Amino acid sequence: MQRIVIAAVSGGLFGAGLLVSGMTDTNKVQGWLDVFGAWDPTLAFVLGGAIMPMLLAWHLTTKRAASLVGEPFPAKPDPKLGHNLVIGSVLFGAGWGLAGLCPGPAIASLSWGGTGGITFILAMIGGMVIAQPVRAQIDRLAAA
Amino acid sequence: MIETDWIWGLIGGLMIGAAAAVYLLGNGRVMGASGIIGGLVDRSGLSTWAERVAFLAALVVVPALMLPLFSTEVSTNITPNLAVVVAAGLLVGVGTRLANGCTSGHGVCGISRFSLRGIVATVFYLLAGGIVMVLFRHLLGVI
């Protein structure tokens, strides 16, 4: 039960932050990416603001044995980069630029995003479904 | 000159970071939106389905409840071109699962941990997004 309450507090705060910061507005996201247009630096303030509490949080994980619910803190990921990290990030960035939405803001704006918002979420879920066969295909090509 | 939007961006950003801190220090997990959804979609995270659903439900409900606080109409201003929306959604879905993260997981949680993977992912998705703006807005004029 405790885990569920913590997750809900986190999700709610995340959604509130996305709305307040303007990140649910695709114009602000595309404005940031559009360096050669009417460039909008807001996203840098959002990312900078978001990193600050997390610097403290990661520091605290080194001082404590485990999280509040007793779950160990996530291990540092394998530093190996791999082709899927790069290919995936390029594909994600292309989609992010096309619509100005990434997964968090897409979900957060579900209640007012209309047909376009719901269509984006359904397509994103479809993309997540085909990700496994796509990954297998890429790995086959990379091994060849 | 500091614009109001930048200050709201900073305040909202601090809230996003606080949300990630609550998830990390509370549940011992990295707050990545694509991972939380993706684990339900491909069933890899079914053992923790309840906290994923709780996170996503609050992510939808809390901003919905806040809408009356805004004096102007809140809009996503998403393009009416549904072909572009579908293509974008597919790319975001495939890409975030291949890369194991998006703006929240790699960007917010990864960079703050000085994770090389998070930093490299962020550089590539920012570059790709910028190139897409040049191609599809300035050259082709479709977005």
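Rules used throughout
Residues numbered from 1 in each chain as written. Chains lettered and ligands numbered in written order. Predicted model: local features only at pLDDT ≥ 70, side-chain atom pairs only at ≥ 80, totals over all residues. Helix = DSSP H or I, 4+ residues; strand = E, 2+ residues; numbered from the N terminus. Buried ≥ 20, exposed ≤ 12 C-beta atoms within 10 Å, placed from the backbone. Contact = placed C-beta atoms within 7 Å. Expected span 1.5 Å × (residues − 1). Core = buried A, V, L, I, M, F, W, Y, C linked by C-beta atoms within 7 Å.

## Some points on the overall build of chain A
The number of helices and strands found in chain A is 6 helices and 0 strands. In sequence order, chain A lays out its α and β elements as α-α-α-α-α-α. Classification of the 144 residues of chain A by burial places 53% in the buried group.

## A word on the overall build of chain B
Secondary structure summary: chain B contains 6 helices and 0 strands in total. Along chain B, helices (α) and strands (β) appear in the sequence α-α-α-α-α-α when read from the amino end. Residue pairs at least 24 apart in sequence account for 43% of intrachain contacts in chain B once pairs closer than 6 positions are excluded.

## A word on helix H1 (residues 2-21) of chain A
Residues and elements named next belong to chain A. The end-to-end C-alpha separation of H1 is 28 Å, in line with the 28 Å expected for 20 residues at 1.5 Å each. Burial of H1 is extensive: 16 of the 20 residues sit out of reach of the surface. Phi turns positive, to about 90°, at glycine 22, one or two residues after H1.

## Observations concerning the interface of chain B and chain A
At the interface, 96 residues of chain B touch 104 residues of chain A. Taken together, the elements giving at least two residues each to the side of chain B that touches chain A come down to helix H1 (4-27), helix H2 (33-41), helix H3 (49-66), helix H4 (82-98), helix H5 (103-111) and helix H6 (116-139) of chain B. Here the side of chain B that touches chain A takes 22 residues from H1(B), the largest share from any one element.

## As for the nonpolar core
Ranked by size, the top nonpolar core spans 86 residues in total, and within it Met54(A), Phe120(A), Ile16(B), Ala19(B), Ala20(B) and Leu91(B) carry the most contacts. With 13 residues, the top contributor of residues to this core is H1(B). Residues contacting Leu91(B), with those up to four places away along its chain left out, are Leu91(A), Phe92(A), Ala94(A), Gly95(A), Leu98(A) and Gly127(A).

## Looking at helix H2 (residues 26-33) of chain A
For H2(A), the buried fraction is high: 7 of the 8 residues fall into the buried class. Buried within H2(A) we find Thr26(A), Lys28(A), Val29(A), Gln30(A), Gly31(A), Trp32(A) and Leu33(A). Where H2(A) is buried, its residues meet helix H3 (42-61) and helix H4 (82-99) of chain A together with H6 of chain B.

## Structural notes on unusual backbone geometry
Only a minority of non-glycine residues have a phi that is not negative, and only a minority of peptide bonds are not trans. Residues and elements named next belong to chain B. Phi angles above zero are rare outside glycine, and arginine 43 is one such case at about 65°. Checked against the element boundaries, arginine 43 lands in the loop between H2 and H3. Since 10 C-beta atoms lie within 10 Å of it, arginine 43 is described here as exposed. Within the chain, asparagine 100 stands out as a residue other than glycine whose phi angle is a positive 60°. As for its placement among the helices and strands, asparagine 100 is situated in the loop between H4 and H5.

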